[in-house]
Amino acid sequence: MQHIKQYVDENKQRLLDELFELLRFPSVSADPKYKPDVLKTADYVAHKLRDAGADKVEVCQTAGYPIVYGEKIIDPSKPTVLVYGHYDVQPPDPLELWKTPPFEPTVRDGKIYARGACDDKGQFYMHVKAFELMMQTNTLPCNIKFMIEGEEEVGSSNLAIFVKANKERLKADVVLISDTSMISMEHPSLETGLRGLSYLEVEVTGPNRDLHSGVYGGAVANPATILAKMIASLHDENNHIAIPGFYNDVIDLTPAERTALNNAPYNEDEYKKDLDVQELWGEKGYTTFERTGTRPTLEVNGIWGGYIGEGAKTVLPSKASAKISMRLVPNQTSEKITELFTEHFLSIAPASVKVKVTPHHGGEPAVTPTDSVAYRAAQKAIAESFGKDPIPTRGGGSIPIVALFEAELGLKTVLMGFGLDSDALHSPNEKYDIFNYYKGIETIPLFHKYFAELSK
């Protein structure tokens, strides 16, 4: 451990400067206007993998944005770790809510503020620098492969094609991902599962044009009003999701599993204070940890229609729309839930409007085994680095490719994230603690060390 800390200490400023350079690329995959910047980001990642010591580094073209691949095979008989990450980021909007420019990383109180600081540039780049550290100190104990993609934030639609076409190249013993969070640096944790996702868009259309709300109001259905009523009906009085069949495949936790999950440190007053809310909201009969990690949800991610500019415009809109995401748990599938939602949403529409449902992307829930060699290696690495054993938790987010890796490559995944739930992922003022960044670079080599030792 001493040589690891020494290397990080001697290179602290450079390690930070390189991350800042990466964060300055506005690699927004959802908006075509950023395409040149996304492509430049891929080239930068490839350049840094080469500098770190990787061989066969390639910017692999897809029908969308490229996947950066690199590897270092020190001995084919040794175990191989496949590191996954993504260099694309969420749109920075709304820009006016950022205290500092989203693509000009700024340090405040020991935290890096920038879009992608935690999700996922800061986290995947820890692996590049940890690999560099092992190469420079001649301590790489196993083979390592990198696959860093540019479409995670828009559903990874081309990743499955790449994985299926490159099974031989991607052969490994485990997938290692840092795109998740810990409870805190004082209470390190390891995520043992992720929820799946069904993401879609709904559109409600009324009259064939926007109407004068005085002339036509009260006589013609307002799509914005109808949409609001339809969305409100998707939860019942106990905040259960009111779509027939939605819970049919849900596997409930055992009493022992619920007890273990809720033993993790949690302060509800601090939770509410951080979010500036007076009360929490959620499915009746479940705790916050259960609601955010082990129960399915349905959330409106955006809603619009009619006039939203400055001043007033008395209009009855022709259309109103919303984007909706549903987080899924074992054994739900994104395809079935999308079908159930679509059927139900169309069925509750009044005859006064027309409704269209457009699926965007989805992914399957995943649970990682806690008795595997790789999980035990992650436990030992965190225990040595932090001085205490990690707490097993369930993640509320979705990384659809975890299920893909298992289906196509037969590989389980270790979710060893160093972010925090308070890092404002997908929001203005996203951040990542400098301490967490360095701690990740220190801990990752220990994972490789223990994975190689336990695999013998």
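Only a predicted model underlies this, so the values are computations on that prediction, with no experimental measurement involved.

Enquirer: What am I meant to see in empty space enclosed by the protein here?
Expert: The probe, sized like a water molecule, is rolled over the atoms to show the empty space still left. Within this structure, the stated rule accounts for 3 cavities of 30 Å³ or more. Taken as a whole, the largest cavity holds about 40 Å³ of empty space. Along the walls of the largest cavity sit Gly193, Leu194, Arg195, Gly293, Leu328, Val329, Pro330, Pro365, Ala366, Val367 and Arg394, which together make up its complete lining. Those elements that provide at least two residues to the lining of the largest cavity are β10 (193–194) and β17 (366–367). In terms of residue class, the lining of the largest cavity is made up of 7 nonpolar, 2 polar and 2 charged.

Enquirer: Looking at this structure, I do not really get the pattern of salt bridges. What am I missing?
Expert: Pairs can form between side chains of opposite charge whenever their charged atoms are close. What the rule picks out here adds up to 25 salt bridges. In this structure, Asp249 engages Lys336 in a salt bridge whose closest nitrogen and oxygen atoms are separated by 2.9 Å. One end of the pair, Asp249, is in the loop between α6 (223–232) and α7 (255–261); the other, Lys336, is in helix α10 (residues 334–347), and 87 residues separate them in sequence. With relative accessibility at 29%, the residue Asp249 sits in the partly exposed group. Judged by its relative accessible area of 34%, Lys336 falls in the partly exposed class. Each of Arg14, Glu18, Lys48, Asp51, Lys129 and Glu132 takes part in one network of salt bridges that share partners.

Enquirer: For this particular structure, what's the right way to read a negative patch on the surface?
Expert: A surface patch of negative charge is lined by Glu268, Asp269, Glu270 and Glu279. Its location among the elements puts Asp269 in helix α8 (residues 268–275). For Asp269, a relative accessible area of 56% corresponds to the exposed category.

Enquirer: Is there a simple way to think about the packing of aromatic side chains in this case?
Expert: Two measures describe an aromatic ring pair: the distance that separates the ring centres and the angle between the ring planes. A full pass over the atoms with the stated rule returns 10 aromatic pairs. Summarising the aromatic geometry, the rings of Phe246 and Tyr247 are spaced 5.4 Å apart at their centres and angled 75° between planes, so their arrangement reads as edge-to-face. In this structure Phe246 comes out as buried when scored by relative accessible area, which is 1%. Measuring from ring centre to ring centre gives 5.2 Å for Phe341 and Phe345, while their planes differ by 15°; the resulting arrangement is stacked. Of this pair, Phe341 and Phe345 both sit in helix α10, 4 residues apart, which is roughly one turn of the helix. Per residue, the accessibility class of Phe341 equals that of Phe345, and both read buried. By way of ring pairs, the aromatic residues Tyr266, Tyr271 and Phe289 are connected into one cluster. We note Lys380 situated over the ring of Tyr450; from NZ or CZ to the ring centre the distance is 4.8 Å.

Enquirer: Explain the sheet that holds strand β16 (residues 354–363) to me, please; I cannot follow it from the model alone.
Expert: Sheet strands pair by backbone hydrogen bonding; their relative direction is either parallel or antiparallel. Spatial strand order, β13-β15-β11-β16: 4 strands in an open sheet with antiparallel pairing. Of all the strands in the sheet, the pair left with one neighbour each is β13 (297–305) and β16. Shown here is a sheet whose adjacent strand axes are inclined to one another by a mean of 15°, direction ignored. One ladder, built from 8 bridges, connects β13 with strand β15 (residues 319–328); its direction is antiparallel. The residue bridging Thr297 from the neighbouring strand is Arg327, located in β15. Those strands touched by α10 are β11 (196–205), β13, β15 and β16, and its axis lies near 170° from that of β16.

Enquirer: Is there a simple way to think about the pairing of β15 in this case?
Expert: Strand residues, when the strand is regular, have side chains that alternate between the two faces of the sheet. Where burial is concerned, most of β15 is hidden: 7 out of the 10 residues are buried. In terms of strand pairing, β11 meets β15 through 10 bridges, oriented antiparallel. When the bridges of β15 are listed, Leu197 appears paired with Arg327.

Enquirer: Explain the environment of Arg258 here, please?
Expert: Mapped onto the elements, Arg258 comes out in helix α7. For Arg258, a relative accessible area of 30% gives the class partly exposed. For Arg258 and Thr287, which are 29 residues apart along the polypeptide, the C-alpha to C-alpha distance reads 9.4 Å. Sequence-distant contacts of Arg258, that is, excluding residues within four places in its chain, are made with Leu253, Gly285, Tyr286 and Glu290.

Conventions adopted
Residues numbered from 1 in each chain as written. Predicted model: local features only at pLDDT ≥ 70, side-chain atom pairs only at ≥ 80, totals over all residues. Heavy atoms only, no water. 1 Å grid on protein atoms, 1.4 Å probe; cavity = no way out; pocket = protein on both sides within 12 Å on 5 of 7 lines; lining within 4 Å. Points joined across faces, edges and corners; volume = space filled by probe spheres on them. Helix = DSSP H or I, 4+ residues; strand = E, 2+ residues; numbered from the N terminus. Nonpolar A, V, L, I, M, F, W, Y, C, P; charged D, E, K, R; others polar. Salt bridge = Lys/Arg side-chain N within 4 Å of Asp/Glu carboxyl O. Buried < 20%, exposed > 50% of the residue type's maximum accessible area, 1.4 Å probe, protein only. Patch = residues over 30% accessible without salt bridge, like charges linked within 9 Å, V, L, I, M, F, W, Y side chains within 5 Å. Areas by Shrake-Rupley, 256 points an atom, 1.4 Å probe, with all protein chains shown as cover. Lys, Arg positive; Asp, Glu negative; His and termini not counted. Charge placed at Lys NZ, Arg CZ, Asp CG, Glu CD. Phe/Tyr/Trp six-rings, centres within 6.5 Å; stacked < 30°, edge-to-face > 60°. Lys NZ or Arg CZ within 6 Å of the ring centre and 35° of its normal. Pairing = 2+ DSSP bridges. Axes fitted to C-alpha atoms, helices over the stretch in contact; angles between N-to-C directions. Contact = heavy atoms within 4.5 Å.

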